[in-house]
Every structure is written in C-alpha cells, then in structure tokens.
Amino acid sequence: MSTYNTGIDFALQLDKADPLASYRTKFHIPKHTDGTDIIYFCGNSLGLQPKVTKDYINQELKDWAKLGVEGHVHGKNPWLSYHELLTENMAKIVGAKPIEVVVMNTLTTNLHLMMVSFYKPSQERYKILIEADAFPSDKYAVESQLRHHGFDDKEGLILWSSRENEELARYEDLEAILEEHGDEIALIMIGGVNYYTGQFFDLKRITELGHKNGCVVGFDCAHGAGNVNLDLHNSGADFAIWCSYKYLNSGPGSLSGVFVHEKHAYRNDLNRFTGWWSHNKETRFIMRDDFDMLPGAEGWQLSNPPILSMAAIKASLDMFEEAGMDNLITKSKRLTGYFEFLLNELHNESIKIITPKNPMERGCQLSIQVKNADKSLHNKLTDAGIISDWREPDVIRCAPVPLYNSFEDVYIMVERLKSILNER
Ligand SMILES: *Cc1c(COP(=O)(O)O)cnc(C)c1O
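Note that the structure is a prediction, hence the values are computed from the model and not measured.

Visitor: I'm lost on the side chain of E100 in this one. Help?
Guide: Considering the arrangement of structural elements, one finds E100 in the loop between α4 (84-94) and β4 (101-104). Notably, E100 is buried but unbridged: the nearest opposite-charge side chain belongs to K97, and the N-O separation is 6.1 Å. Reaching out from E100, the side chain makes a polar contact with the side chain of H233 at a distance of 2.6 Å. Beyond its immediate sequence surroundings of up to four residues, E100 is in contact with H233, V258, F259, V260, H261, E262 and A297.

Below is the structure:
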C-alpha cells in the first residue's frame, strides 16, 4: 500500500485518479444549511438514494396504472417473477450461488424464519452463541427463540465477549468456549461485520469451528452486504440474512436478503414456515394442490412481495453490477486507509480507533472512541455538516462509502473533527 500524505491537494489528486468518482453524481447528496453538500458518513445506517431509483419505481407505478392486475404477467418486468430479477446480482454481491439467495421480508423477520428451520434445540443441545456486542434486534430475536422453545433466555445464551480493556473479539476465546460448551450449543449466530466495532469476522473459520462441534452456523450480514467480500458460499455457513437499506442503498425499511447454503436446497426434512410463495411456481395458481416446496432459498418465501420496494433494490443492484463489487472494495480499502491515516496524524490522545487495523478484518467503517465524550460531540459534528453515527457511551461510527464518498469528504471530516476536538 502506497503512503498517504496530509495535504488537501493529495485528497483532490486521489479523487481525480479514482475510476469510480463519477458514481457520486448518481446519488442525491443531502445539503447542509449553508447549501454545500453534507459530508455523509452514515451509509452503514441508511445508504443514500440513487437518482435512478425514482425511475425504477415509476416504471412499476406506470404498469400498475395501465394494467392493474395484468401487470403480474404483462408488465414490463412482470411482478410474478420480479424477485428473480434481483437474485443474480444479489448473489454476486454476497458471494453466493443464485439458488442460495432470495430477497424477501425484512431482516429480523428473516432471522426468525431461518431459526425456525435451523435452530433445532434438544434438551442436551439447546444453547445459542452470539457475539457479546450483537445488534440488539438479533439479541432480542435469539432470546425470544429460546423462550419460544421453553428454555431460559439467560441460561441459554452464550456470549462471545472481548477481554477486559479490549474491544475486539478473539478467535482463541471462541475456541475455548466451544471446547467447553460445544456440545450444548445448537446454533452460532454472529454478526458478520460487528455493527459497533466494525470488526469483520472470518466467516469460514467460525463456520468450520462450529460445524466441527456439531453446531449450526448463521450470520447476520447487515453490515457486510455491499461492504465487504462475504464469500458466503465458500464460508460453508448454513444461512445468512442481511438488509438492503444500509450499504445496498435501497431505501428506508427496504427488504432483506437471505442465503441458505446449497447443501440445504433440496432438503424436505427441514421444518419451515410456508406460504403460497414457497410453493412450486408452475402449479401455484391451481391453488388446490398439496404443498410442493420450491427448492433453494426461494422455498422460504411466504408472500407475494412488495414490488415498489423491490424496484428500489433493482435500481441499486444494477448500479453495483455496473461498478463491480471488486472495484468498490479496492476503493473502499484506499478510502478507509486514508481516513485512518489522517486520524492517526492528528496525534490526539483523546481519540482511539477501535476497528481492526488489518484491512482484511474490517469494511469501510471506522469506529472512533472519544475520551470523556458525550452526545454533544456528535451534535457539534452534525452542526458542522457531518452526518455520522453516535453510539453510547462514547463511539462515533463513520463509514466512508466507496460509491458516493470522496477522498475530499474524508479530508473535510477529519479537519472538522480536529477543530471540534481542539475546542474541547
Ligand atoms: C440494521 C440491523 C438490523 C435491523 O433489523 P431490521 O429488522 O431491518 O429492523 C438487525 N441486525 C443487524 C446486525 C443490523 O445491522
């Protein structure tokens, strides 16, 4: 990796040399009160809106107006099979085969649907292992599954914690947990990229460890999809879920992606909740047949899906396909490396980056811990035109996103942070 330097000229030079720079113009960038572009570092929470999204949604509104119910078969993009238009590009983004991927429902809903099939507790093996700082929704979901099966949600939950005075989880500690409790654990469910620290876990390593101990392994990749190379198929994970509104820029509350490993694609023995959309497409509308399961991840669908939301996903995935996930990751490493360099160059004792230093163990997000900080620091950043993400007690999460953030954005962010820190 070549070295960086601290001047603004250098940032502008990097932008000029950036083959993906033009993608920024394809997004709506919110404006600060003074009319300049907001420095938006919150793509880890809600990605910005591509300008073409409106056209994709309008196309479906137009067909609905013109065709009514006929749009299901005679629309430009027939609604009956609309979700199939998303599968291939979504599969590429997460490193999966098309049969392993479907877009449906929302994230936490899908986590429950996956646990219906993959969390099979017995009296001896019923515990669920999650990372200690798991996203709250995931923690609530697994706790409720424990209770649903009649187990105590405190006793049944095993936490993979970081050590005292450390932020990142260590694999040797996971190994030790499995050594001791491996035969009590039914399910390992980890956030592929931890939402708080930005630590990108080695999915393959965790999966192999889990499988060796007889555990099912699933990942919540909400902070990984569209951000890092997840390589889900090769990880061997049993299932994964993610949302499309963070790095996948598909709009607030948009639908979730699901991965079910190919090895489970034709399993009739896996219990699942079903609906007419899990039924064989050829005979679905005869509506009299006994249930005939669709193979692959599609076989977990329940309902006919919301097309308007899927249109926004299609707009975004088409852009990812054009830009190329590999190119995005290359830029991302450079952009975040530059961000890290500038923060380190501040030589400010009151800040500490808690995200891993190794670029292979993180995505674009850096989590900055600020000594004795409270939310007023975050408010000052917001007043200065920087949208970042505050997490109690003392962490600012910043995600420079390769599709729409520039090196100049990163430069400005660090300059403003510097003056705010100096004022304290
Ligand atoms: C964003 C996020 C969620 C949000 O869940 P929804 O069901 O989409 O509201 C859940 N888990 C993780 C790890 C997340 O990052």
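Visitor: When you look at the sheet that holds β4 in this model, what are you seeing that I'm missing?
Guide: The strands making up a sheet associate through hydrogen bonds between their backbones, and the pairing can be parallel or antiparallel. Across the sheet, 7 strands lie side by side as β4-β10-β9-β8-β7-β5-β6; this open sheet has mixed pairing. Edge strands, defined here as strands with exactly one partner in the open sheet, are β4 and β6 (157-160). Looking at each pair of strands side by side, their axes are set apart by 20° on average, direction ignored. Where strand β5 (residues 127-131) and β6 come together, 4 bridges link them in parallel fashion. Paired with L129 across the two strands is I158, which belongs to β6.

Visitor: Hey, could you run me through the site of the ligand in this one?
Guide: Neighbouring the ligand are L107, T108, F135, D138, D220, A222, H223, Y245 and K246. The contact in question runs from a nitrogen atom of the ligand to an N or O atom on the side chain of D220, over 3.0 Å. Y245 is positioned with one of its side-chain polar atoms (N or O) 2.5 Å from an oxygen atom of the ligand. A per-class count over the shell around the ligand returns 4 nonpolar, 2 polar and 3 charged.

About the thresholds
- Residues numbered from 1 in each chain as written.
- Predicted model: local features only at pLDDT ≥ 70, side-chain atom pairs only at ≥ 80, totals over all residues.
- Heavy atoms only, no water.
- Helix = DSSP H or I, 4+ residues; strand = E, 2+ residues; numbered from the N terminus.
- Buried < 20%, exposed > 50% of the residue type's maximum accessible area, 1.4 Å probe, protein only.
- Lys, Arg positive; Asp, Glu negative; His and termini not counted.
- Salt bridge = Lys/Arg side-chain N within 4 Å of Asp/Glu carboxyl O.
- Polar contact = N/O pair within 3.5 Å; in protein donor to acceptor, adjacent residues only side chain to side chain.
- Contact = heavy atoms within 4.5 Å.
- Pairing = 2+ DSSP bridges.
- Axes fitted to C-alpha atoms, helices over the stretch in contact; angles between N-to-C directions.
- Near = heavy atom within 4 Å.
- Nonpolar A, V, L, I, M, F, W, Y, C, P; charged D, E, K, R; others polar.

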